[in-house]
Amino acid sequence: MTTLRAFEAAARLLSFKAAAEELRVTQSAISHQVASLERNLGIPLFVRLPGRVELSKEGALYFPVVQDALDRIALTTDLIRQTNTPASLTVQVYVTVAVRWLIPRLQRFKEASPEIAISLDASLLDWEFNPDRADIGMIYTQAPNRPSVTYTLLRQEKLVGVCSPDIASAIKAPEDLRHFPFLAVSGTTGDAETWAASVGATGLSQKTSPLFDSNLLAIEAAISGQGVVVVPEFLVGPDLSSGALVAPLHSDVMQPGGWYLTHLERRGNEKAIRKFLQWIRSQ
């Protein structure tokens, strides 16, 4: 089984190094395990080239069979485990989305599925789904193409520039934005530039603006009158309704990516994942 797992990972990734990182062993261990399997079969499964490997004809034939067998074993193991343990679900979610969107709705899921114990893994750092830490993830991405991961599109979101009512009262035209700080969020400065261009404001700089490590902090700073922040509209819906925040300039520009629910392909039939997916799409 160890040699088959090593072969499957190396064949899928076409890299002994990447397979070693995924399986958390050394590259030498992967090489030895694959060589052991090749000796057992009496044929080479890979063509070793400078700096890379390719599947041999026999390796290309063997790979999908081994992959399917391992997936079936893993799936059946998960199903057996479900029948002997209480249903639980860990959801990976950005801290801003957890606080401003998911948690206010979560009681509805608990009432609809009281047999599922749900927990949140809210992080500022993990922008990609991490199946080692969570069963399912709610993430934003422009490239939903990781192998062995299922992506279900939940929504594509409009960008909105918001600020406190006092600041909004002084913004009558795009050029008025120059008089107020843009509240920059690490990793999302492109959203602010995209939105500013869509309303006809050019040359705005965030270099000297306050920098926050999450939209959550930047939104709170905007509410307190510290500047303008550009965020996905669904994160500030209640604040716009209550008047705590105002969108002084209209734009229909969308984020370039989408918000997805993600999980490992082989776990798609698990009851807790299916129920959460069905519920969150209804929200």
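Above this note sits the structure.
Predicted, not measured: the structure shown is a model, and the values here were computed from it. (Residues numbered from 1 in each chain as written. Predicted model: local features only at pLDDT ≥ 70, side-chain atom pairs only at ≥ 80, totals over all residues. Heavy atoms only, no water.)

Student: Hey, could you run me through the overall build of the protein in this one?
Tutor: In terms of helices and strands, the protein carries ten helices and eleven strands. In terms of overall dimensions, the protein is more spread out than a globule: its C-alpha atoms have a radius of gyration of 24 Å, far above the 19 Å expected for 283 residues. Reported as C-alpha extents along the three principal axes, the dimensions of the protein are approximately 80 × 50 × 25 Å. A buried classification covers 43% of the 283 residues belonging to the protein. Taking all contacts inside the protein whose residues are at least 6 apart in sequence as the whole, residues at least 24 apart take part in 74%. For the protein, the exposed surface amounts to about 14,700 Å²; the carbon and sulfur share of it is 53%. Of the charged side chains in the protein, 27 are positive and 29 negative, and the gap between their average positions amounts to 5 Å. (Helix = DSSP H or I, 4+ residues; strand = E, 2+ residues; numbered from the N terminus. Rg over C-alpha atoms; globule rule 2.2 N^0.38 Å. Buried < 20%, exposed > 50% of the residue type's maximum accessible area, 1.4 Å probe, protein only. Contact = heavy atoms within 4.5 Å. Areas by Shrake-Rupley, 256 points an atom, 1.4 Å probe, with all protein chains shown as cover. Lys, Arg positive; Asp, Glu negative; His and termini not counted. Charge placed at Lys NZ, Arg CZ, Asp CG, Glu CD.)

Student: How do you make sense of the pattern of salt bridges when you look at a structure like this?
Tutor: When their charged atoms lie close together, side chains carrying opposite charge are able to pair. Following the criterion strictly, the structure yields 16 salt bridges and no others. Among the ionic pairs, Lys-158 bridges to Asp-252, the shortest N-O distance being 4.0 Å. Remark: Asp-252 occurs in the loop between α9 (237–242) and β11 (258–264) and Lys-158 occurs in the loop between β6 (149–155) and β7 (159–162); sequence separation between them is 94 residues. The class of Asp-252 is exposed, set by a relative accessible area of 54%. A salt bridge links Glu-270 to Arg-267, with the shortest nitrogen-to-oxygen separation between them at 2.7 Å. (Salt bridge = Lys/Arg side-chain N within 4 Å of Asp/Glu carboxyl O.)

Student: Even after reading the chapter, I still don't get the sheet that holds strand β3 (residues 88–94), so can you show me in this structure?
Tutor: The strands making up a sheet associate through backbone hydrogen bonding, with each pair oriented either parallel or antiparallel. Taking strand neighbours across the sheet as the criterion, the five strands line up as β4-β3-β5-β11-β6 in an open arrangement whose pairing is mixed. Edge positions in the open sheet fall to β4 (117–123) and β6, since each of these has one partner strand only. Pairwise comparison of adjacent strand axes, ignoring direction, gives a mean angle of 25 degrees for this sheet. This element, helix α5 (residues 95–112), spans β3, β4, β5 (136–141), β6 and β11 of the sheet and lies at about 175 degrees to β4. Sitting on the sheet, helix α10 (residues 271–282) is in contact with β3, β4, β5, β6 and β11, with an inclination near 45 degrees to β3. (Pairing = 2+ DSSP bridges. Axes fitted to C-alpha atoms, helices over the stretch in contact; angles between N-to-C directions.)

Student: Is there a simple way to explain helix α8 (residues 215–223) in this structure?
Tutor: Structurally, the α-helix is built with 3.6 residues per turn, so residues lying three or four positions apart point the same way. Taken together, the buried positions of α8 are Asn-215, Leu-216, Ala-218, Ile-219, Ala-221 and Ala-222. If you follow the buried residues of α8, they end up packed against α5, β7, β8 (184–185), β9 (211–212), β10 (229–232) and α9. Gly-225 lies just past α8 and shows a positive phi near 90 degrees.

Student: Where do I start with unusual backbone geometry in this structure?
Tutor: If a residue is not glycine, its phi is most likely negative; likewise, a peptide bond is most likely trans. For Leu-14, which is not glycine, the phi torsion reads 50 degrees and is therefore positive. Topologically, Leu-14 is positioned in the loop between α1 (2–13) and α2 (16–23). You can call Leu-14 partly exposed: its relative accessible area is 42%. Non-glycine residue Arg-24 carries a positive phi angle of around 60 degrees. Taking relative accessible area as the criterion, Arg-24 reaches 65% and is therefore assigned exposed.

Student: How should I be thinking about the environment of Val-236 in this particular structure?
Tutor: The residue Val-236 is located in the loop between β10 and α9 in this model. In sequence terms Val-236 and Arg-178 are 58 residues apart; their C-alpha atoms lie 23 Å from each other. Those residues in contact with Val-236 that sit more than four places away from it in its chain are Arg-100, Val-160, Val-162, Ile-219, Val-231 and Leu-245.

Student: Would you mind showing me how to read the packing of aromatic side chains here?
Tutor: Tallying each qualifying case throughout the model produces twelve aromatic pairs. Summarising the aromatic geometry, the rings of Tyr-151 and Tyr-260 are spaced 5.8 Å apart at their centres and angled 90 degrees between planes, so their arrangement reads as edge-to-face. With a gap of 109 residues between them, Tyr-151 in strand β6 and Tyr-260 in strand β11 connect regions that are remote in the sequence. Connected via pairs of aromatic rings, a cluster forms that spans Tyr-94, Trp-101, Tyr-140, Phe-234 and Trp-259. (Phe/Tyr/Trp six-rings, centres within 6.5 Å; stacked < 30°, edge-to-face > 60°.)

Student: What am I meant to see in a nonpolar patch on the surface here?
Tutor: On the surface, Val-99, Ile-103 and Leu-120 cluster together to form a nonpolar patch covering roughly 220 Å² of accessible area. Within the secondary structure layout, Ile-103 lies in helix α5. We classify Ile-103 as partly exposed; its relative accessible area is 45%. (Patch = residues over 30% accessible without salt bridge, like charges linked within 9 Å, V, L, I, M, F, W, Y side chains within 5 Å.)

Student: Can you help me understand the environment of Thr-262 in this one?
Tutor: Its place among the elements puts Thr-262 in strand β11. For the pair Thr-262 and Pro-144, spaced 118 residues apart in the sequence, the C-alpha separation amounts to 9.1 Å. Beyond its immediate chain neighbours, meaning those up to four positions away, Thr-262 contacts Phe-129, Asp-135, Ile-136, Gly-137, Ile-139, Val-149, Thr-150 and Tyr-151.

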